[in-house]
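# Structural characterization, general
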Amino acid sequence: MTFVSILYGLLFWAATLILVIGVGMKVRQYWNTPAPLKIPTTPAPVTQGGVVWRMFKEVVFFQSLFRSNKILWLFAFLFHMSLWLVLIRHSRYFVGMNEFLVFMQPFGRYAGLTMVLGLAGLWARRFLVDRVRYISAPSDHLMLALLIGIGLSGLLMSFVSHTDVTQVKVFFSGLLTFGFFGAEGGLPADPIVLAHLLLVAVLMIIFPISKLLHAPGIFFSPTRNQVDNPREKRHVSPWALELERQGKLFLSELKK
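Residues numbered from 1 in each chain as written. Predicted model: local features only at pLDDT ≥ 70, side-chain atom pairs only at ≥ 80, totals over all residues. Heavy atoms only, no water.

Per an unreviewed UniProt entry, the chain goes by Respiratory nitrate reductase subunit gamma and derives from Candidatus Thiothrix phosphatis. The record in UniProt for the chain states the following under Subcellular location (unreviewed entry): "Cell membrane". (UniProt positions renumbered as here; feature names shortened; annotations may be inferred.)

The structure is reproduced here in structure tokens:
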């Protein structure tokens, strides 16, 4: 195995560790964040089943975004759905090929084009829409540039400069087993492959501290996950109940 392959192996181990721990810590933070008020965005469901259906439509179809901005919805939906197809296609590097993955390969290949198209539309919006350009931070542009860089380098390998995908699969299979393997398990000496993997590793490292964390965050949004039943059921956070209990104890002590 070459020095570059060892370096990339260590990089991806570290990036995976940072990604898993970082996302886990953020989800734990979201889980423990109190929601002291009943604030579902109306019209809101009045049953728990309705909340599940609402969340499904938000996660899969971006319903509220479709209602508010059709053009933004188009580019966002195009990017996210294409990303799913690309990720399914890339799963061949970690699991054995089966009929489903063989069937999905061409869809995932051309989804790379629509993914970059969606990202380009989202990035153009940050330049062309005045109010969006005003609130856009440098990190917003850098994140979109990183995603587009990953997409373009992937497209180059798919349509222009093909690489040895078998060698790449052997490399990542070795990483999954935590084993250092022979020279045949190293990465191809292809600048495009190395650039693509480096950008992916960077994305994995910064994902837990970026705005991309809205992926798990949407499930903890009180405007989406709450039942609209404030009249039927009193909504009190656990910490508020504890304060109420302490207040009652204090008043009882005063009366004595």
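That was the structure; now back to the text.
Okay, the overall build of the chain next. In terms of regular secondary structure, the chain is built from 12 helices and 0 strands. Going from N to C terminus, the chain has its helices and strands arranged as α-α-α-α-α-α-α-α-α-α-α-α. Scaling as 2.2 N^0.38, a compact globule of 256 residues should have a C-alpha radius of gyration of about 18 Å, whereas the chain reaches 24 Å, well beyond that. By principal-axis analysis of the C-alpha atoms, the chain measures approximately 80 × 45 × 40 Å. A total of 256 residues make up the chain; the buried ones form 32% of that total. Of the roughly 16,100 Å² of accessible surface on the chain, a fraction of 72% belongs to carbon and sulfur atoms. The average position of the 24 basic charges and that of the 12 acidic charges among the side chains of the chain differ by 7 Å. (Helix = DSSP H or I, 4+ residues; strand = E, 2+ residues; numbered from the N terminus. Rg over C-alpha atoms; globule rule 2.2 N^0.38 Å. Buried < 20%, exposed > 50% of the residue type's maximum accessible area, 1.4 Å probe, protein only. Areas by Shrake-Rupley, 256 points an atom, 1.4 Å probe, with all protein chains shown as cover. Lys, Arg positive; Asp, Glu negative; His and termini not counted. Charge placed at Lys NZ, Arg CZ, Asp CG, Glu CD.)

So, on to the packing of helix α5 (residues 99-128) against helix α7 (residues 138-159). Where α5 meets α7, the closest approach of the two axes is 9 Å, and the angle between their N-to-C directions is 155 degrees. Judged by the angle between their axes, α5 and α7 are roughly antiparallel. When you trace α5 past α7, the crossing you get is left-handed. Facing α5, whose interface residues are Arg109, Tyr110, Gly112, Leu113, Met115, Val116, Leu119, Ala120, Leu122, Trp123, Arg126 and Phe127, α7 presents Asp140, His141, Leu144, Ala145, Leu147, Ile148, Gly151, Leu152, Leu155, Ser158 and Phe159. Classifying every residue of the contact of α5 with α7 gives 16 nonpolar, 4 polar and 3 charged. (Axes fitted to C-alpha atoms, helices over the stretch in contact; angles between N-to-C directions. Parallel < 35°, antiparallel > 145°, perpendicular 65-115°, else oblique. Left-handed = near helix turned anticlockwise from the far one by under 90°. Contact = heavy atoms within 4.5 Å. Nonpolar A, V, L, I, M, F, W, Y, C, P; charged D, E, K, R; others polar.)

We now examine the packing of helix α4 (residues 70-90) against α5. Their axes nearest at 6 Å, the elements α4 and α5 cross at an angle of 145 degrees. In the packing of α4 onto α5, the handedness of the crossing is left-handed. Its residues assigned to classes, the contact of α4 with α5 shows 18 nonpolar, 7 polar and 3 charged.

Right, let's talk about helix α9 (residues 191-206) for a bit. The end-to-end C-alpha distance of α9, which contains 16 residues, comes to 23 Å, matching closely the 22 Å that a straight helix rising 1.5 Å per residue would cover. Those residues of α9 that fall on the buried side of the exposure criterion are Val193, Leu194, His196, Leu197, Ala201, Leu203 and Met204. On its buried face, α9 sits against α1 (3-32), α4, α7 and α8 (165-176). (Expected span 1.5 Å × (residues − 1).)

Mapped onto the elements of the fold, Ser82 is located in helix α4. Using a relative accessible area of 4% as the deciding quantity, one classes Ser82 as buried. If sequence neighbours within four positions are ignored, Ser82 has contacts with Ala111, Thr114 and Met115.

Before going further, it helps to spend a moment on the environment of Met25. Looking at the element boundaries, Met25 is found in helix α1. With a relative accessible area of 57%, Met25 lands in the exposed category. Residues Met25 and Pro208, 183 residues apart in the sequence, show an inter-C-alpha distance of 8.7 Å.

Among the surface-exposed residues, Tyr110, Leu113, Leu156, Phe159 and Val160 lie close enough to one another that they form a single nonpolar patch of about 460 Å² accessible area. The set of elements that each furnish at least two residues to the nonpolar patch consists of α5 and α7. Structurally, the position occupied by Leu156 is in helix α7. Note on Leu156: relative accessible area 38%, which makes it partly exposed. (Patch = residues over 30% accessible without salt bridge, like charges linked within 9 Å, V, L, I, M, F, W, Y side chains within 5 Å. Salt bridge = Lys/Arg side-chain N within 4 Å of Asp/Glu carboxyl O.)

All right, on to the UniProt feature "transmembrane region" (unreviewed entry) in the chain then. UniProt's entry tags residues 6-25, 71-90, 110-129, 141-160 and 192-214 with the feature "transmembrane region" (unreviewed entry), counted in the numbering of this structure. Helix makes up 95% of residues 110-129 and strand 0%. Its end C-alpha atoms lie 29 Å apart. In the segment residues 192-214, helix accounts for 70% and strand for 0%; the C-alpha atoms at its two ends are 30 Å apart.

Phe79, Leu119, Leu122, Leu147, Leu203 and Leu212 are the most contacted members of the largest nonpolar core, which totals 20 residues. Secondary structure elements with two or more residues in this core: α4, α5 and α7. Among the elements that make up this core, the one with the highest residue count is α7 (6 residues). In this structure Phe79 touches Met115, Gly118, Leu119, Leu122 and Leu147, once residues within four positions along its chain are discounted. In terms of nonpolar packing, the next biggest core, distinct from the first, is built from 15 residues, Ala15, Tyr93, Val193 and Leu194 among them. (Core = buried A, V, L, I, M, F, W, Y, C linked by side-chain atoms within 4.5 Å.)

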